Amino acid sequence: MKVLKFGGTSVGSEEAIRQVAKIVQSQVEQVVLVTSAVGGVTDQLVQIGEVAASGNRVYISHFETVKVQHEQLYYNLIENKPDDKFYKIIEEFEDICKGIFLLRELTSRSSDYILSIGERLSSLIISEFFQYEGIDITLFDSRQYIVTDDHFGHANVNFKETTKRIIDAKSGFTKVSLFPGFIASTSDNQTTTLGRGGSDYTAAILAGVLEADHFEVWTDVDGLMTADPRMVKRANFIEHVSYEEALELSHFGAKVIYPPSIQPALEKGIPMTIKNTFKPEQKGTLITKEWDDTKQLIRGISSIKDITLVTLSGSGMVGIPKFSYRFFRALSSAKVNVILITQASSEHSISVGIDAKDDKVALKALNEEFGELIENHSIDPILVEKNLSIIALVGNNMRDQVGVSGQMFNVLGKNGVSIKAISQGSSERNISAVISRDDLSKALNVLHESFFLYSTKRINLFIIGTGNVGKAFINQLVKQFTFLKKNHQLNIKIIGMANSRKMIFEEDGTPLSKWESTLANGAKFDKKDFMRHMYDMNLRNSIFIDITASEDVAALYPEILKKSISVVTPNKIAATGPQADYLNLKSMSKKYGSRFLFETNVCAGLPVLSTLNDLVRSGDQVHQIEAVLSGTLV
């Protein structure tokens, strides 16, 4: 027996539902089918309840929109008007909306009833369509089989009673047995919902109780990915992960599944697959209890884009019990979910990462809890740092592997990504770091490039100066592009380019074969605008190349190096000015992990400096230098 769950996008249109029917018909074994509300309908239902409770009659037009949407879907699929069962649900929906409007009150109980309409309508339409197509299907009302407490909005399942009812229902199963997801009921038949990820949870409960052979979640992506494809273009699909890895990836931003929803299947060790409804030929991601420990170290790099870091600190905390207890109790009472925890071994501070939308609630709760201690200076004021993100390396094979953390932080440091906080669980399958939100894309890309062993490394160039020397350099790049990529695994991209008149920026790289015509049609050159664009793009492996003799451009080097962008230049001005300025450039380069290279400043580009550096690194000491100085150095 298989359990198949189809999400909102998978049942979001006539074409999508027809595709679901094809997938179900292709199954050889008996199928338990779980479906969500039509895509976008749950949000519409939330709005209807809120508008009705506000006393605004506009709710009626919203109600009509949902009604007509489902009527049209029914007619398009079955080529007939909906039957009495359909309109019975619609009448119940209309009655509850009227009651909310008249009372000007939306309780969590009535909200659950409204939200249940989406799954009830979609499952009815799918059931009627399958019958119309000749598929042997039976529709079961999940509210009769999944029993919960009365915690409306996010009810807790009574597994003992639920198991008994599902087992009793099994004798009535047909080739396809359809259960609407997300909805359940109390023991006295009050409609409840299972909260976020509720449809997945319904399917996982059924898979666990029925001890299914396989559990498939059908959605609109091919499976779990090694990173967010919106930020990492070279992200690829993960063929196989363990349950624990899937939970870590899902907790840290992979929205394909919701962690608590797969727990019942995890406990029974049921294999699970994430598949694409619209590309059923794709293998998808297989999730199992075991994992292949011969494959890559890292399974994926996950992220949460918008978090806030909240820190409790102060010398008055050291050695005093219950600070942590009070800290987390205050956040829990305020219903603030903690994403990440880190604490100094000195007991001087505790930091937690929370959802950015909860920062005000968290600050208020903690100030109420520790207000007196803050006022008498026993502890510091609560520190709230915003505009942050979390990145996390996930993989079972990181366990007992030396150097993973070192590689992660070394790569981030070289690209100027500052780390605010670090957390690693004792399971060693997740290393998390809090960084600036502005650095998220860069951090994801450099980590993905480092851990997934790309055959080529992308280098992003920003060039000012396209005179005789600049033109020769760029033409050399054009001629050597293939050689560098093949023999040195370097993919050179000119992202920004400027001369004294024009400038251009192309995030995917300026076409090298027609750079002159592209630059000629660029925007008017402005030094400050060029720098701002370069900084705002915040790309990994960035190099600024100054091919001018401009003192103004050379004066920008300290700021550029501070942004962890390396500087390569034949411009002699920066390296031949006051020694204090030169030493400052070398110091900035070392401090921010960037490079300051100026080989061409000496002996017309002969490799004197690199040879001298090699000698010094080998232990030689320079006692004296003799040279014939050029006019530049006189």
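Residues numbered from 1 in each chain as written. Predicted model: local features only at pLDDT ≥ 70, side-chain atom pairs only at ≥ 80, totals over all residues. Heavy atoms only, no water.

> Is there a simple way to explain a negative patch on the surface in this structure?
On the surface, Glu64, Asp84, Glu91, Glu94 and Asp95 cluster together into a negatively charged patch. In terms of residue count, helix H4 (residues 84-103) provides more of the negative patch than any other element does, 4 residues in total. Accessibility expressed as a relative area gives 31% for glutamate 94, which makes it partly exposed. (Patch = residues over 30% accessible without salt bridge, like charges linked within 9 Å, V, L, I, M, F, W, Y side chains within 5 Å. Areas by Shrake-Rupley, 256 points an atom, 1.4 Å probe, with all protein chains shown as cover. Salt bridge = Lys/Arg side-chain N within 4 Å of Asp/Glu carboxyl O. Lys, Arg positive; Asp, Glu negative; His and termini not counted. Charge placed at Lys NZ, Arg CZ, Asp CG, Glu CD. Helix = DSSP H or I, 4+ residues; strand = E, 2+ residues; numbered from the N terminus. Buried < 20%, exposed > 50% of the residue type's maximum accessible area, 1.4 Å probe, protein only.)

> Got a minute to help me understand the pairing of strand E6 (residues 183-186) in this structure?
Every regular strand shows the same layout, with side chains that alternate between the two sheet faces. Relative to E6, strand E4 (residues 147-148) runs parallel, the two sharing 2 bridges. The residue bridging valine 147 from the neighbouring strand is serine 185, located in E6. In terms of strand pairing, E6 meets strand E7 (residues 191-193) through 3 bridges, oriented antiparallel. In the strand pairing of E7, serine 185 is matched with threonine 191. Taking the residues between adjacent antiparallel strands as the criterion, E6 and E7 are bridged by 4 residues, where asparagine 189 takes a positive phi near 70°. (Pairing = 2+ DSSP bridges.)

> Would you mind showing me how to read the packing of H4 against helix H5 (residues 108-132) here?
The packing of two helices is summarised by the inter-axis angle and the distance between the axes. Two elements in contact, H4 and H5, have axes separated by 10 Å at closest approach and are oriented at 165°. Judged by the inter-axis angle, H4 sits roughly antiparallel to H5. Note that H4 runs across H5; the crossing there is left-handed. In this structure, H4 contributes Lys85, Phe86, Ile89, Ile90, Glu92, Phe93, Ile96, Cys97 and Ile100 to the contact, and H5 contributes Ser110, Tyr113, Ile114, Ile117, Arg120, Leu121, Leu124, Ile125 and Glu128. Considering only residue class, the contact of H4 with H5 consists of 13 nonpolar, 1 polar and 4 charged. (Axes fitted to C-alpha atoms, helices over the stretch in contact; angles between N-to-C directions. Parallel < 35°, antiparallel > 145°, perpendicular 65-115°, else oblique. Left-handed = near helix turned anticlockwise from the far one by under 90°. Contact = heavy atoms within 4.5 Å. Nonpolar A, V, L, I, M, F, W, Y, C, P; charged D, E, K, R; others polar.)

> Which parts of the structure should I look at to understand the sheet that holds strand E14 (residues 349-355)?
By way of backbone hydrogen bonds, the strands of a sheet pair with one another, either parallel or antiparallel. The sheet built from 6 strands is open, its strands ordered E13-E14-E12-E15-E17-E16 with antiparallel pairing. Edge positions in the sheet fall to strand E13 (338-343) and strand E16 (419-424), since each has one partner strand and no second. For this sheet, the mean inter-axis angle between neighbouring strands, taken without regard to orientation, is 30°. Contacts from helix H10 (residues 323-333) reach strand E12 (300-313), E13 and E14 within the one sheet, and its direction differs from that of E14 by about 15°. Sheet contacts for helix H12 (residues 404-414): strand E15 (383-394), E16 and strand E17 (430-436); angle to E17, the most-contacted strand, approximately 15°.

> Sorry, what's going on with a nonpolar patch on the surface here?
On the surface, a nonpolar cluster with roughly 280 Å² of combined accessible area is contributed by Val616, Val622 and Ile625. Relative to the assigned elements, valine 622 resides in the segment after helix H20 (608-617).

> Just checking my understanding: could you explain the pattern of salt bridges for this structure?
Two side chains carrying opposite charge are able to pair once their charged atoms lie near each other. One pass over the full model with this rule turns up 24 salt bridges. Linking lysine 164 and aspartate 168 is a salt bridge whose minimum nitrogen-to-oxygen distance equals 3.4 Å. Highlighted residues: lysine 164 and aspartate 168, both in helix H6 (residues 159-169), separated by 4 residues, approximately one helical turn. Look at lysine 164 and you get partly exposed, because its relative accessible area is 48%. Since its relative accessible area comes to 47%, aspartate 168 is described here as partly exposed. When salt bridges that share partners are traced, they join Lys88, Glu92 and Arg120 into one network.

> What's the story with the pairing of strand E20 (residues 502-505) in this structure? I'm lost.
Both strand E19 (residues 490-498) and E20 contribute to a ladder of 3 bridges, which runs antiparallel. If you follow glycine 496 over to E20, its bridge partner there is phenylalanine 505. Once E19 ends, the chain turns through 3 residues before running back antiparallel as E20. Pairing between E20 and strand E21 (residues 523-524): 2 bridges, direction antiparallel. Opposite lysine 502, over in E21, you have lysine 524 as the bridge partner.

> What's the story with a positive patch on the surface in this structure? I'm lost.
Judged by side-chain charge, Lys414, Lys457, Lys586 and Arg595 come together as a positively charged surface patch. By the element assignment, lysine 414 lies in helix H12. Of the residues examined, lysine 414 reaches a relative accessible area of 52% and is grouped as exposed.

> What is the right way to read the sheet that holds strand E11 (residues 285-288) from this model?
On the basis of which strands lie adjacent, the open sheet formed by 8 strands has the order E3-E5-E2-E1-E8-E10-E11-E9 and mixed pairing. Only two strands of the sheet have a single neighbouring strand rather than two, namely strand E3 (137-139) and strand E9 (240-242). Between one strand axis and the next, the sheet turns by 20° as a mean value, whatever way the strands run. Relative to strand E5 (residues 176-180), E3 runs parallel, the two being bridged by 3 bridges. By the bridge assignment for E5, isoleucine 137 is matched with valine 176. Along the sheet face, H5 touches strand E2 (31-35), E3 and E5 and points at about 155° away from the line of E3. Here helix H7 (residues 198-210) sits on the sheet in contact with strand E1 (2-6), E2, E5 and strand E8 (214-219), set at roughly 160° to E2.

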